[in-house]
Amino acid sequence: MIKAAGVAEVTDADFDAEVIGADLPVLVEFTADWCPPCRQMGPVLSALADETRDRLKVVQLDVDTNPEITNAYKVLSMPTFMVFRGGEPVKSMVGARTKRRLLEELADVL
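Summarised in this report is the structure supplied together with it. (Residues numbered from 1 in each chain as written. Predicted model: local features only at pLDDT ≥ 70, side-chain atom pairs only at ≥ 80, totals over all residues. Heavy atoms only, no water.)

Quick notes on the pattern of salt bridges
- Tallied over the entire structure, the rule returns 7 salt bridges.
- In this structure, Arg 100 engages Glu 104 in a salt bridge whose closest nitrogen and oxygen atoms are separated by 3.6 Å. With Arg 100 and Glu 104 both in helix H4 (residues 99-106) and 4 residues apart, the pair spans about one turn of that helix. The residues Arg 100 and Glu 104 share a single accessibility class, namely exposed.
- With a shortest N-O distance of 3.8 Å, Glu 105 and Arg 101 are connected by a salt bridge. Of this pair, Glu 105 and Arg 101 are both found in helix H4, 4 residues apart, which corresponds to roughly one turn of the helix.
- A cluster of three or more residues bridged by salt bridges with shared partners is formed by Arg 97, Arg 101 and Glu 105. (Salt bridge = Lys/Arg side-chain N within 4 Å of Asp/Glu carboxyl O. Helix = DSSP H or I, 4+ residues; strand = E, 2+ residues; numbered from the N terminus. Buried < 20%, exposed > 50% of the residue type's maximum accessible area, 1.4 Å probe, protein only.)

Considerations on the side chain of Thr 80
- Within the element layout of this structure, Thr 80 appears in strand E4 (residues 80-85).
- Its relative accessible area of 4% is what places Thr 80 among the buried residues.
- From its side chain, Thr 80 meets the backbone oxygen of Ser 77 in a polar contact 2.5 Å long. (Polar contact = N/O pair within 3.5 Å; in protein donor to acceptor, adjacent residues only side chain to side chain.)

What to know about the sheet that holds E4
- Strand order in the open sheet formed by 5 strands is E1-E3-E2-E4-E5, with mixed pairing between adjacent strands. Edge positions in the sheet fall to strand E1 (8-10) and strand E5 (88-94), since each has one partner strand and no second. Put simply, the sheet's adjacent strands are angled 30 degrees from each other on average, direction ignored.
- Taken together, the 6 bridges between E4 and E5 define a ladder with antiparallel strand orientation. Residue Thr 80 lies in a different strand from E5, and its bridge partner there is Val 94.
- Along the sheet, helix H2 (residues 36-51) makes contact with strand E2 (26-31), strand E3 (57-62) and E4, crossing E2 at roughly 165 degrees.
- Each of E2, E4 and E5 touches H4; the most contacted strand, E5, lies at about 150 degrees to it. (Pairing = 2+ DSSP bridges. Axes fitted to C-alpha atoms, helices over the stretch in contact; angles between N-to-C directions. Contact = heavy atoms within 4.5 Å.)

Set out below in structure tokens:
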């Protein structure tokens, strides 16, 4: 997986601890190595993580190596972005987007 700088990678094994149990809202990018739009999102997620550090946790989950969580949330397209707050998914977005658009879409959860 192409890891975005400053963005943690989560797995099936630590998803509950890192995402469900997080104090802050968490933006999860469901991603894959073979997905060109996912690669485009790397710099965007890094910038977003840096800008929202105290209000939002940004993580990536590789769908190919973490089928359990991917299937549990019925993720079919890459990239899919899901926001979790209080352990529940509260928002879902599919497809690459600019940082500005992502921030606009996240305004109600930040």
